[in-house]
Amino acid sequence: TVMPDTPPLRPIIIIEDEPDDLFLLRRLIEKGGVKNPVITFLDSEDVRTFFSAQAIVQKKMPEFAPCLLFTDLKMPKIDGFELLSWLRKQPAFDELTIVVMSSSDRPEDVERAEKLGADHYLLKYPAPETLAELINAASSSEPVR
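Quantities reported herein were computed from a predicted structural model and do not represent experimental measurements.

(A) Structural context of the packing of helix α2 (residues 44-60) against helix α3 (residues 80-87). One way to put it is that α2 packs onto α3 with a least axis distance of 11 Å and a crossing angle of 10 degrees. As the angle between them shows, α2 and α3 are arranged roughly parallel. For α2 against α3, the interelement crossing comes out right-handed. Each of V47, R48, F51 and S52 in α2 lies in contact with α3, whose residues at this interface are L83, W86 and L87. Here the residues of the contact of α2 with α3 sort into five nonpolar, one polar and one charged.

Here you go:
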């Protein structure tokens, strides 16, 4: 019997400038049973370069388009708000689910993130099930061709 070709699992991107937080988030994602590849960045500047290149790649190979981005708000160089507003201006990433993960529950931060186009705002750190649900939902939506 020939196995049907299953499309590759689309990657998840994590931007977190604290290595310990990054490690913890990866553990929570694994605990949630998520199998998608995870690409991590400690630096928001690299992320912009990555997404600029990614926009070109996914024109040719939409199945490699990242399905979900976890971003912190407080980061050196480019903060999460800046990154959000930049990403939401790129038509290539209309389908990208953006989840802000922050230790701040200040209503003005939540509101600003949502205004700029965040799909979800989570406090550090949600349960593995919560993460798995978000990732599975994002990952099952078809990449736009």
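(B) Up close: a nonpolar patch on the surface. Residues V57, M61 and F64 make up a contiguous nonpolar surface patch of roughly 230 Å² in combined accessible area. Structurally, F64 is set in the loop between α2 and β3 (68-71). We classify F64 as partly exposed; its relative accessible area is 36%.

(C) Quick peek at helix α5 (residues 128-140). In a regular helix each residue adds 1.5 Å, so 13 residues correspond to 18 Å; α5 covers 18 Å between its end C-alpha atoms and thus fits that length. Along α5, the positions that sit buried rather than exposed are P128, L131, A132, L134, I135, A138 and S139. Take α5 and look down its axis: the buried residues cluster within an arc of 165 degrees, on one side only. Exposed side of α5, more than 90 degrees from the buried face: E129, E133 and S140 are the residues found there. On its buried face, α5 is in contact with β1 (12-15), α1 (19-31), β3, β4 (97-102) and β5 (120-123).

(D) Structural detail: the sheet that holds strand β2 (residues 38-41). Pairing within the open sheet is parallel, and its five strands lie in the order β2-β1-β3-β4-β5. With one partner strand each, in any of the chains shown, β2 and β5 form the two edges of the open sheet. For this sheet the average axis-to-axis angle between neighbouring strands, irrespective of direction, equals 20 degrees. Of the strand pairs in this sheet, β1 and β2 are connected by four bridges, and their pairing is parallel. Considered in β2, the bridge of I15 is made with F41. Of the strands in this sheet, β1, β3, β4 and β5 touch α5, which is tilted by about 140 degrees from β3.

(E) Up close: unusual backbone geometry. For the peptide bond that leads from K124 to Y125, omega is -5 degrees, which places it in the cis range. Along the polypeptide, Y125 turns up in the loop between β5 and α5.

(F) A look at the packing of aromatic side chains. Going through the model one piece at a time under the given rule, you end up with three aromatic pairs. Their ring planes at 55 degrees and their centres at 5.2 Å tell us that F41 and F50 sit as a pair that is tilted. Measuring from centroid to centroid gives 4.9 Å for F51 and F93, while their planes differ by 75 degrees, and the two rings are edge-to-face. Of this pair, F51 sits in helix α2 while F93 sits in the loop between α3 and β4; the two residues are 42 residues apart in sequence, bridging distant segments of the chain. Residue class for F51 comes out buried when judged on its relative accessible area of 0%. One aromatic cluster in this structure is built from F41, F50, F51 and F93. Positioned over the ring face of F81 is R112, at 3.9 Å from the centre of the ring.

About the criteria used
Residues numbered from 1 in each chain as written. Predicted model: local features only at pLDDT ≥ 70, side-chain atom pairs only at ≥ 80, totals over all residues. Heavy atoms only, no water. Axes fitted to C-alpha atoms, helices over the stretch in contact; angles between N-to-C directions. Helix = DSSP H or I, 4+ residues; strand = E, 2+ residues; numbered from the N terminus. Parallel < 35°, antiparallel > 145°, perpendicular 65-115°, else oblique. Left-handed = near helix turned anticlockwise from the far one by under 90°. Contact = heavy atoms within 4.5 Å. Nonpolar A, V, L, I, M, F, W, Y, C, P; charged D, E, K, R; others polar. Patch = residues over 30% accessible without salt bridge, like charges linked within 9 Å, V, L, I, M, F, W, Y side chains within 5 Å. Areas by Shrake-Rupley, 256 points an atom, 1.4 Å probe, with all protein chains shown as cover. Salt bridge = Lys/Arg side-chain N within 4 Å of Asp/Glu carboxyl O. Buried < 20%, exposed > 50% of the residue type's maximum accessible area, 1.4 Å probe, protein only. Expected span 1.5 Å × (residues − 1). Arc of directions from axis to C-beta. Pairing = 2+ DSSP bridges. Phe/Tyr/Trp six-rings, centres within 6.5 Å; stacked < 30°, edge-to-face > 60°. Lys NZ or Arg CZ within 6 Å of the ring centre and 35° of its normal.

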